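For reference, the chains in residue letters:
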Amino acid sequence: MADGLLAGGGLGSEAMARDHERTGWAAEEEPAPLGKGLFEDEDSCSDCSNHDKPGTSLQSFVPEGKTHFPEMFQTSHLLFYERFRAYQDYILADCKASEVKEFTAEFLEKVLEPSGWRAVWHTNVFKVLVEITDVDFAALKAVVRLADPYLCESQVSTFTLECMKELLDLKEHQLPLQELWVVFDDSGVFDQTALAIEHIRFFYQNIWRSWDEEEEDEYDYFVRCVEPRLRLHYDILEDRVPSGLIVDYQNLLTQCDESYRKFLNLRSSLSNCNSDSEQENISMVEGLKLYSEIEQLKQKLKLIENPLLRYVFGYQKNSNIQAKGIRPSGQKVTHVVSSTMTTGLLQSLVRDKLCLEPCKEEIEIQFHSDPLSAINACYEGDTVIVCPGCYVVHGTFSIADSIELEGYGLPDDIVIEKRGKGDTFVDCTGADIKISGIKFVQHDAVEGILIIHRGKTTLENCVLQCETTGVTVRTSAEFLMKNSDLYGAKGAGIEIYPGSKCTLSDNGIHHCKEGILIKDFLDEHYDIPKITMVNNVIHNNEGYGVVLVKPTIFSDLQENAQDETEENKAFKVQTSGEADVAERVDLEELIECATGKMELYTRADLSEQVEGNCEIVNELVAASTQKGQLKKKRLSELGITQADDNLMSQEMFVLIVGNQFKWNGKGSFGTFLF
């Protein structure tokens, strides 16, 4: 994409050094060509091999349309690091927001050819070829005249040569530089002119906000505004931002711009009013309201522009999916997904899926070529049947109604691949969602593969090939995973949040950063998660098989609590050797005590894997005991006593048996303190 572009956006390159005496832009010593910049990877490296050759180092492109416009410099595909270096090192440096125009004008005086070049004046209505005769650097405008021969292309047929001359006269033949596209010249003389105008155009289209100049000037404008907005722009281009968040950002920009224009108009009207008039008092109140509204909108924009806050903010936005409910007709629909439909496949579907029972009523069937369109067409109670094939989707499976999504065949034959880095793969908020018999594959993603925000989601006989986080079970959500395989997560395979319910049975969780991560639930405002893990194989994870996250402050409190209470002694499990067997609390008794409802498992094998189960139960129950004691202590300080503070009287939260922990890098169970 960027082959042939000057390294660093043409800033500091050898091409620039050749014009050093004229511009004074280059360093005193000619710098070496940039091989790979700070923000450049091997795949996006600009081609610097032709910098020693005479002529241009930029590419050209031919404008679309019927009119035969000349070729123009192709500068719109600059890389992030090229624009970053241009604004940081040469254009803005450490200027304040109020100094942006001044610094920009100084930059243009050094690099822009004042005359002798041609450009296409490009607006939303027309484009016309002009010649530049002078540049007003302070106003960021060029003085132009129509080129000979006259070339114009307009969406309005009545836009004649005379109309264009009248328009230029009204503008005093001065045009904004960002509306000019420099005509291509292979001599290399106008390379820096084309690049400089591109940087100015990009800045005022994507970075600058009309209210920036009124921001406080205490901080470096580049660090405070330019860098985060530039990163956001490229994150959006590279599909690293959820699509819903992009829409929100654009809407916020529009709202803030409209409110700011109203504020400016109101402020202007106030300056023309008589002091102490009633109208002025009313306008002052309106102005304060507008100012407060603008500040709130600006804060929301900054939340999205900040890469760290954007991650959290994006999750909150994605959880607001609205359910459609029952279809207005009351009819439930079966959606069949297949890239191609044959008579044999249709007959098999009718036999195996569509007519399992004597038809009580007619079944409405809708056919789709991709699963995303089928999901979007669903109402409460619908079923989606995905036929064998590989389906590539762009967007999120946002499931807000209780539906069934099932594959017709083996999971390895029904593959759904996700494209688009910024969006979650499957987003669930429905009351009762069932997914079965499908393989989900992520590629180069930055969001998780499945998030359950609320309601119950059942995943059975599926394969999850993850890229970042695997499955996230949010507070108040319920997740049931059976006979499935999850692997490849660069984070945790499964994240369990406080107040959630998670049941894992007969699954494989492997080759992740961590197998299962249980979020801290020691805060008194959080409910205890209910976790059931039976007969899972958790192996070959880089870290632990299961990790409990909790604050550092509670590590000491846990030891004190264990020393002071008799209840905790019943939860200790000795696993050091056969000499301690007599004192060891039986695993079955521990789990029965902790759940009040478990069936006894055979104790034929107390191997490493069973000790891993025991260790996890011991830590989770101890942590729960600790939470109860901390809560009791806080209530006691307030003079409130509980009728029953016995931990065993609570509905217990853990059932962990029969799981195998093998070849995990740091062991079967660990604790992460923060």
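Residues numbered from 1 in each chain as written. Predicted model: local features only at pLDDT ≥ 70, side-chain atom pairs only at ≥ 80, totals over all residues. Heavy atoms only, no water.

The following threshold applies: UniProt positions are given in the numbering used here, feature names are shortened, and annotations may be inferred rather than shown by experiment.
As annotated in an unreviewed UniProt entry, the chain carries the name SHC SH2 domain-binding protein 1 and comes from Lipotes vexillifer. Quoted straight from UniProt, the Function (unreviewed entry) entry for the chain says "May play a role in signaling pathways governing cellular proliferation, cell growth and differentiation. May be a component of a novel signaling pathway downstream of Shc. Acts as a positive regulator of FGF signaling in neural progenitor cells."

A short note on unusual backbone geometry
For residues other than glycine, phi is negative in most cases, and the peptide bonds are mostly trans. In plain terms, the rule: For helices the rule is a DSSP run of H or I covering at least 4 residues; for strands it is a run of E covering at least 2, with both sets numbered from the N terminus onward. Buried means the residue's accessible area, taken with a 1.4 Å probe over protein chains only, is under 20% of the maximum for its type, while exposed means over 50%, and partly exposed covers the values in between.
Here the bond from Asp148 into Pro149 is cis, since omega is 5°, no more than 30 degrees from zero. Along the chain, Pro149 falls in the loop between strand S5 (141–146) and strand S6 (152–154). One non-glycine residue, His511, lies in positive phi territory at about 55°. Note on placement: His511 falls in the loop between strand S27 (508–510) and strand S28 (514–518). Unlike most non-glycine residues, Asn540 shows phi in positive territory, near 55°. Relative to the helices and strands, Asn540 resides in the loop between strand S30 (537–539) and strand S31 (544–550). Given a relative accessible area of 31%, Asn540 falls into the partly exposed group.

Points about the pairing of strand S3 (residues 118–122)
This is how it is decided: Two strands pair if DSSP finds at least two bridges between them.
As paired strands, S3 and strand S4 (residues 126–136) are joined by 5 bridges and run antiparallel to one another. Note that in S4 the partner of Val120 across the bridge is Leu129. Where S3 hands over to S4, the hairpin turn is made up of 3 residues, counted between the paired strands. By the bridge criterion, 3 bridges tie S3 to strand S8 (residues 180–182) in an arrangement that is antiparallel. Counted as the bridge partner of Val120 is Trp181 from S8.

Considering the pattern of salt bridges
Test applied: Any Lys or Arg side-chain nitrogen located within 4 Å of an Asp or Glu carboxyl oxygen qualifies as a salt bridge.
Tallied over the entire structure, the rule returns 17 salt bridges. The salt bridge partner of Arg261 is Asp257, with a shortest N-O separation of 2.6 Å. Placement of both Arg261 and Asp257 in helix H8 (residues 243–271) is noted, with a separation of 4 residues, approximately one turn of the helix. A residue is classified by how much of its surface remains accessible, and Asp257, at 26% relative accessible area, is partly exposed.

Brief notes about the sheet that holds strand S22 (residues 471–473)
The test is simple: Axis definition: a line fit to C-alpha positions, over the contact stretch in the case of helices; interaxial angles, taken between N-to-C directions, run 0 to 180 degrees.
Here we have 8 strands laid out as an open sheet, ordered S13-S16-S19-S22-S25-S28-S31-S34, and parallel in their pairing. The sheet terminates laterally at strand S13 (397–399) and strand S34 (667–673), the two strands that pair on one side only. Each strand of the sheet is rotated relative to its neighbour by a mean of 15°, with strand direction disregarded.

A closer look at the side chain of Thr458
Defined as follows: Contacts were defined at the residue level, with two residues in contact if any of their heavy atoms lie within 4.5 Å.
You can see Thr458 is positioned in strand S20 (residues 455–460). For Thr458, a relative accessible area of 10% translates into the label buried. Contacts of Thr458, omitting those with residues within four sequence positions, involve Ile433, Lys434, Ile435 and Leu480.

What to know about the environment of Tyr497
Selection criterion: Polar contact is the term for a pair of N or O atoms within 3.5 Å; when the atoms are in protein, one must be able to donate a hydrogen and the other to accept it, and sequence-neighboring residues count only if both atoms are side-chain atoms.
Position of Tyr497 among the secondary structure elements: in the loop between strand S25 (492–496) and strand S26 (501–505). Expressed as a C-alpha distance, the spacing of Tyr497 and Asp527, which sit 30 residues apart in the sequence, is 9.6 Å. Other than its neighbours up to four places away in sequence, Tyr497 contacts Thr472, Val473, Arg474, Thr475, Lys519 and Pro529. A distance of 2.8 Å separates a polar atom in the side chain of Tyr497 from a polar atom in the side chain of Arg474.

Remarks on the packing of aromatic side chains
This is how it is decided: Two rings from Phe, Tyr or Trp (for Trp, the six-membered ring) form a pair when their centres are within 6.5 Å of each other. A pair whose planes differ by under 30 degrees is stacked, one over 60 is edge-to-face, and the rest are tilted. Whether a charge sits over a ring comes down to the Lys NZ or Arg CZ being within 6 Å of the ring centre and within 35 degrees of the ring normal.
The tally for this structure, following the rule as stated, stands at 15 aromatic pairs. Their ring planes at 40° and their centres at 6.0 Å tell us that Phe203 and Trp208 sit as a pair that is tilted. Residue class for Phe203 comes out buried when judged on its relative accessible area of 2%. On the numbers, 6.5 Å between centres and 70° between planes, the contact of Phe203 with Tyr221 is edge-to-face. Within this pair, whereas Phe203 is found in helix H6 (residues 191–207), its partner Tyr221 is found in helix H7 (residues 221–237), the two being separated by 18 residues in sequence. Note on accessibility: Phe203 and Tyr221 belong to one class, buried. One Lys or Arg, Arg83, reaches over the ring of Phe202 and ends 4.0 Å from the middle of that ring.

A closer look at helix H4 (residues 100–111)
The criterion, for reference: Expected helix span is computed as 1.5 Å times (number of residues minus one). By arc we mean the arc of the directions from the helix axis to the C-beta atoms, nothing more.
The terminal C-alpha atoms of H4, which comprises 12 residues, lie 17 Å apart, in line with the 16 Å expected from a rise of 1.5 Å per residue. Where H4 is concerned, the buried positions are Val100, Thr104, Ala105, Phe107, Leu108 and Val111. The buried residues of H4 occupy one face: seen down the axis, they fall within an arc of 165°.

Regarding the packing of helix H3 (residues 80–91) against H7
When two helices pack together, you describe them by how their axes are tilted relative to each other and by the distance separating the axes. Note the cut-off: Each angle gets one of four labels, with under 35 degrees taken as roughly parallel, over 145 as roughly antiparallel, 65 to 115 as roughly perpendicular, and the rest as oblique. In this scheme the crossing of two helices becomes right-handed for a clockwise turn of the near helix relative to the far one and left-handed for an anticlockwise turn of less than a right angle. In this classification, Asp, Glu, Lys and Arg are treated as charged, Ala, Val, Leu, Ile, Met, Phe, Trp, Tyr, Cys and Pro as nonpolar, and every other residue, Gly included, as polar.
H7 packs onto H3 with a crossing angle of 165° between their chain directions and a minimal axis gap of 11 Å. Viewed along their axes, H3 and H7 adopt a mutual orientation that is roughly antiparallel. Seen along the crossing, H3 lies across H7 with a hand that is right-handed. Contact residues: H3 offers Phe80, Arg83, Phe84, Tyr87 and Gln88, while H7 offers Phe222, Val226, Glu227, Leu230, Arg231 and Tyr234. Considering only residue class, the contact of H3 with H7 consists of 7 nonpolar, 1 polar and 3 charged.

Here's the deal with the nonpolar core
The condition is simple: To form a nonpolar core, buried Ala, Val, Leu, Ile, Met, Phe, Trp, Tyr and Cys residues must be joined to one another through side-chain atoms within 4.5 Å.
In terms of nonpolar packing, the biggest core is built from 64 residues, with Phe440, Phe479, Ile494 and Ile516 touching the most fellow members. Looking at this core element by element, the count peaks at 4 residues for helix H15 (residues 608–637).

Some remarks on a nonpolar patch on the surface
Formally: Residues forming no salt bridge and having over 30% relative accessible area are the ones grouped into patches, like charges within 9 Å of each other and nonpolar side chains (Val, Leu, Ile, Met, Phe, Trp, Tyr) within 5 Å. For the accessible areas, the method is Shrake-Rupley and the probe is 1.4 Å, while residue cover comes only from the protein chains on display.
A cluster of nonpolar side chains, contributed by Met341, Leu346, Val350, Ile363, Ile365 and Phe367, occupies part of the molecular surface with about 450 Å² of accessible area. Elements supplying a minimum of two residues to the nonpolar patch: helix H11 (343–354) and strand S10 (364–368). By relative accessible area, Leu346 is classed as partly exposed at 33%.

Describing the side chain of Gln74
Inspection of the secondary structure assignment puts Gln74 in strand S2 (residues 72–74). At 2.9 Å, the side chain of Gln74 and the side chain of Ser76 are in polar contact.

Quick notes on the sheet that holds strand S33 (residues 660–662)
Pairing within the open sheet is parallel, and its 8 strands lie in the order S12-S15-S18-S21-S24-S27-S30-S33. The open sheet has two free edges, formed respectively by strand S12 (389–394) and S33, since each of these has just one partner strand. Taking each pair of neighbouring strands and ignoring which way they run, the sheet shows an average axis angle of 10°. Taken together, the 3 bridges between strand S21 (residues 463–465) and strand S24 (residues 485–487) define a ladder with parallel strand orientation. In the sheet register, Gln465 faces S24, and the bridge partner there is Tyr487.

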